[in-house]
Amino acid sequence: MNSRQKKVAAKRRNTRIRKNPEFSQEEWDALSFVLGWCMRCGSTVELTRDHKEPIGKGGGNTLSNLTLLCRTCNELKGAKRFPEITPKYLLPSQEERLRSLPDSLRAVVTEAIYGHYSSH
Ligand SMILES: [Zn+2]
């Protein structure tokens, strides 16, 4: 494969991954409800969905790779990766929102937020 073909293949991979999210709208709604504000600056204005590890850089379209950023931070971030964008713990008000979720959603959202800490 030459470099142009590689670029085309990478683009196809990205499109395929973007089109096939491994989470439901309901799960994303629950995660964004629990997080509540921009994970970088704390803003509650114009919140957007962000892939922590960009898909173009090999990140998956999974709930655990998603976070909440305001539009300004998201645009600032572009295709880069912010270090330490995932909270290590939730604030009491976020914990409260997490506890208010139905059991099945709570398990999925807890896994998305904390999962990678327990797995290794
Ligand atoms: Zn922000």
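The structure under discussion appears in the preceding block.
Student: Is there a simple way to think about the overall build of the protein in this case?
Tutor: Within the protein, the secondary structure is distributed over five helices and two strands. In sequence order, the secondary structure elements of the protein are arranged as α-α-β-β-α-α-α. Every one of the 120 residues in the protein was classed for burial, and the buried ones make up 17%. For the protein, contacts bridging at least 24 residues in sequence account for 68% of all contacts bridging at least 6.

Student: Got a minute to help me understand the nonpolar core in this structure?
Tutor: A general tendency of soluble globular proteins is for nonpolar side chains to be buried together. Judged by nonpolar contacts, the single largest core of 16 residues is most densely connected at Leu31, Cys38, Leu69, Val109 and Ala112. Among the elements of the structure, helix H2 (25-35), strand S2 (66-70) and helix H5 (103-119) are those that each provide at least two residues to this core.

Student: I would appreciate a short explanation of the packing of H2 against helix H4 (residues 92-99) in the present structure.
Tutor: The relative placement of two packed helices comes down to the angle between their axes together with the axis-to-axis distance. One way to put it is that H2 packs onto H4 with a least axis distance of 8 Å and a crossing angle of 150°. Here H4 runs roughly antiparallel to H2, going by the angle between their axes. In this structure, H2 contributes Phe33, Val34 and Leu35 to the contact, and H4 contributes Gln94, Arg97 and Leu98. Its residues placed into classes, the contact of H2 with H4 shows four nonpolar, one polar and one charged.

Student: Help me understand helix H1 (residues 3-19), please; the structure alone is not making it clear to me.
Tutor: Residues three or four positions apart in an α-helix share a direction because the helix packs 3.6 residues into each turn. Taking 1.5 Å of rise per residue, the 17 residues of H1 would be expected to cover 24 Å, and the 24 Å separating its terminal C-alpha atoms lies within 8% of that figure. For H1, a buried count of zero out of 17 residues is recorded, marking the element as mostly open to its surroundings.

Student: Explanation requested: unusual backbone geometry in the structure shown.
Tutor: Trans peptide bonds make up the majority, and among non-glycine residues the majority have a negative phi. Positive phi values are uncommon outside glycine, yet Glu46 reaches one of about 50°. Among the structural elements, Glu46 can be located in the loop between H2 and strand S1 (47-51).

Student: Help me understand the environment of Trp37 in this model?
Tutor: Along the chain, Trp37 falls in the loop between H2 and S1. The exposure class assigned to Trp37 is partly exposed, which follows from the 18 C-beta atoms found within 10 Å. Considering only alpha carbons, one finds Trp37 and Cys70, 33 residues apart in sequence, at a separation of 7.7 Å. With residues up to four places along the chain from it excluded, the contact list for Trp37 reads Gly42, Ser43, Thr44 and Leu68.

Calculation criteria
Residues numbered from 1 in each chain as written. Predicted model: local features only at pLDDT ≥ 70, side-chain atom pairs only at ≥ 80, totals over all residues. Helix = DSSP H or I, 4+ residues; strand = E, 2+ residues; numbered from the N terminus. Buried ≥ 20, exposed ≤ 12 C-beta atoms within 10 Å, placed from the backbone. Contact = placed C-beta atoms within 7 Å. Core = buried A, V, L, I, M, F, W, Y, C linked by C-beta atoms within 7 Å. Axes fitted to C-alpha atoms, helices over the stretch in contact; angles between N-to-C directions. Parallel < 35°, antiparallel > 145°, perpendicular 65-115°, else oblique. Nonpolar A, V, L, I, M, F, W, Y, C, P; charged D, E, K, R; others polar. Expected span 1.5 Å × (residues − 1).

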